[in-house]
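Examining the three-dimensional arrangement
Listed here are the chains, written in short residue letters.
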Amino acid sequence: MTASERASFHDHFSSVSKQYARYRPAYPADLFDWLASVAPGRNLAWDCATGTGHAAIGLASRFKQVIATDASPEQIAAAIPHPGITYSAAPAEKSGLDDGSVDLITVAQALHWFDIEHFFSEAERILVPGGVLAVWTYGPLSIEDEQINALVRKFASMTLAEWWPEEWNRTAAGRKTIPLPFEKPEVPELAMTADWTLGELVGHMRTWSAVTRYIGKNGIDPVSPAAEELSELWREREEKRRIIWPFMLSASKKNGRFSDDR
């Protein structure tokens, strides 16, 4: 990645790369089964903006080769190793992959950070005919405990209100209308859940971009006071509670041209 590309990249996650690798939720296995079934081949998948490789891991058992890139070298350094995955630092808009070489492109919880037009041009360049671009995002979590859920929502919407990046606010407003460039196949309805202890939930909260920005500006950790309040409600710290995220998937199948409604 060039110096100018690095300068234009808004990095909200490098400082928490290790926590990101540990405390981000796993994507459903059914998602990767479906992606493999609709891709025209299973030779090469590109996981763009891989972070620490959560989606790449899901692809690795279904494709011969997975290229996983991220604009943050720190995220790549903390990525989950796998013999079927090649990790490298690269921006979404300049993958370095060959023309017409990729069966599947995935973007997990990251499209809102991209220069969309340039990324779509890159996708068209590297996808094989009939290749699939799939993007997904998940919304704010909810917890199957009314009091705990209300406390986490209050922390996210009030304590962190002014600290969410503009890009995140844009995607939060339009999660169900992700614009994609090609023919759009039907996608399955999928659920995203996890059973977490209090420590895992708090670890996840510390990976939020708004928390990183809050600490960077104020030098104070906003999560610790919230964690103390949560501990009073959670009672048994090692007890696991069900966490649920609304999951939105959109896919686009290359037919040789951009669609007119892009």
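Please read these numbers as outputs of a predicted model, since none were measured by experiment.

**A few points about the overall build of the protein chain**
- What the protein chain contains, in helices and strands, is 11 helices and 9 strands.
- A burial count over the protein chain gives 54% of its 262 residues as buried.
- For the protein chain, the proportion of contacts with a sequence separation of at least 24, taken over those separated by at least 6, is 78%.
- As presented, the protein chain carries roughly 12500 Å² of accessible surface, and 50% of it is formed by carbon and sulfur atoms.

**Quick notes on the environment of L233**
- Along the polypeptide, L233 turns up in helix α11 (residues 223-234).
- On a C-alpha basis, the gap between L233 and L151 in space is 9.6 Å, while along the polypeptide they are 82 residues apart.

**Points about the packing of helix α9 (residues 198-205) against α11**
- Contact pair α9 / α11: the axes reach a minimum separation of 11 Å and the direction vectors enclose 155 degrees. Looking at the two axes, α9 sits roughly antiparallel to α11. Relative to α11, α9 is oriented so that their crossing is right-handed. Contacts between α9 and α11 involve L198, L201, V202 and M205 on the former and, on the latter, V223, A226, A227, L230, S231 and W234.

**With respect to the sheet that holds strand β4 (residues 102-108)**
- Reading across from one edge, β3-β2-β1-β4-β5-β9 is the order of the 6 strands in this open sheet, with mixed pairing throughout. Across the chains shown, the open sheet's two edge strands, defined by having one partner strand only, are β3 (85-89) and β9 (247-253). Direction aside, neighbouring strands of the sheet carry axes that sit 20 degrees apart on average.
- Where strand β5 (residues 127-138) meets β9, 7 bridges bridge the pair, whose relative direction is antiparallel. Bridge pairing in β9 places T137 opposite M248.

**Points about the pairing of β5**
- Within β5, 11 of the 12 residues are buried, leaving the element largely enclosed by the surrounding structure.
- Two strands pair when backbone bridges link them, and β4 and β5 are joined in this way by 6 bridges, in the parallel orientation. Bridging across to β5, L104 finds its partner in V132.

**Quick notes on the nonpolar core**
- Core analysis: the largest hydrophobic core is formed by 57 residues, its most contacted members being Y27, W136 and W208.
- With residues near it in sequence (within four places) discarded, W208 still touches R24, L141, V152, F155, A156, L160 and W164.
- Counting 22 residues, the second largest nonpolar core, distinct from the first, contains A110, L127, V135 and F182.

**What about unusual backbone geometry?**
- A positive phi angle, close to 60 degrees, is found at A49, a residue other than glycine.
- Within the element layout of this structure, A49 appears in the loop between β1 (44-48) and α4 (54-60).
- The backbone phi angle of R235 is positive, close to 65 degrees, even though this residue is not glycine.
- Mapped onto the fold, R235 is located in the loop between α11 and β8 (241-245).

**Here's the deal with the sheet that holds strand β6 (residues 142-143)**
- Read from one edge to the other, the open sheet built from 3 strands follows the order β6-β8-β7, with strand pairing classed as antiparallel. Of all strands in the sheet, those bounded by a partner on one side alone are β6 and β7 (192-196).
- With 5 bridges connecting them, β7 and β8 associate as antiparallel partners. Bridging from a neighbouring strand, D195 pairs with R242 of β8.

**Quick word on the environment of L141**
- Relative to the assigned elements, L141 resides in the loop between β5 and β6.
- Sequence separation between L141 and P246 is 105 residues, and the spatial gap between their C-alpha atoms is 7.4 Å.

**Some remarks on the side chain of T197**
- Here T197 shows up in the loop between β7 and α9.
- Given the relative accessible area of 9%, T197 is considered buried.
- Dropping the residues within four chain positions of it, T197 is found in contact with W234, R237, E238, E239 and K240.

**A word on helix α10 (residues 209-218)**
- Along α10, the positions that sit buried rather than exposed are S209, A210, V211, T212 and Y214.
- Lining the buried residues of α10 we find α7 (146-159), α9 and α11.
- Looking one or two residues beyond α10, the residue adopting positive phi is G219, at roughly 70 degrees.

**Some remarks on the packing of α7 against α11**
- Their axes nearest at 10 Å, the elements α7 and α11 cross at an angle of 170 degrees. Classified by the interaxial angle, the pair formed by α7 and α11 is roughly antiparallel. Of α11, the residues touching α7 (which contributes Q147, I148, L151, V152 and F155) are V223, A226, E229, L230, L233 and W234.
- Classifying every residue of the contact of α7 with α11 gives 9 nonpolar, 1 polar and 1 charged.

What counts, and where the lines are drawn
The residue count restarts for each chain, going from 1 along the sequence in the order it is written. This being a predicted model, a pLDDT of at least 70 is required before a residue's local features are given, and a value of 80 or more before pairs of side-chain atoms are given or counted; all residues contribute to the totals for chains, interfaces and linings. Where side-chain values are given, they derive from all heavy atoms of the structure, hydrogens and water being excluded. Strands are runs of DSSP state E lasting at least two residues, helices are runs of H or I lasting at least four, and both sets are numbered from the N terminus onward. Here's how the labels work: a residue is buried when its accessible area is under 20% of the maximum for its type, exposed when over 50%, partly exposed in between, all with a 1.4 Å probe on protein chains only. Contacts between residues were defined by any pair of non-hydrogen atoms, one from each residue, lying within 4.5 Å. Areas reported as accessible are Shrake-Rupley estimates using a 1.4 Å probe. Residue values count occlusion only from the protein chains shown. Each axis is a line fitted through C-alpha atoms, taken for helices only over the stretch in contact, and angles between the N-to-C directions span 0 to 180 degrees. With respect to orientation, any angle under 35 degrees is reported as roughly parallel, any angle over 145 as roughly antiparallel, any angle of 65 to 115 as roughly perpendicular, and every other angle as oblique. Handedness of a crossing follows from how the near helix is turned relative to the far one, being left-handed for an anticlockwise turn of less than a right angle and right-handed for a clockwise one. Following DSSP output, two strands are said to pair if at least two bridges run between them. Among the buried residues, those of types Ala, Val, Leu, Ile, Met, Phe, Trp, Tyr and Cys that are joined through side-chain atoms within 4.5 Å form a nonpolar core. Under the convention adopted here, Pro, Cys and the residues Ala, Val, Leu, Ile, Met, Phe, Trp and Tyr are nonpolar, Asp, Glu, Lys and Arg are charged, and Gly plus all remaining residues are polar.

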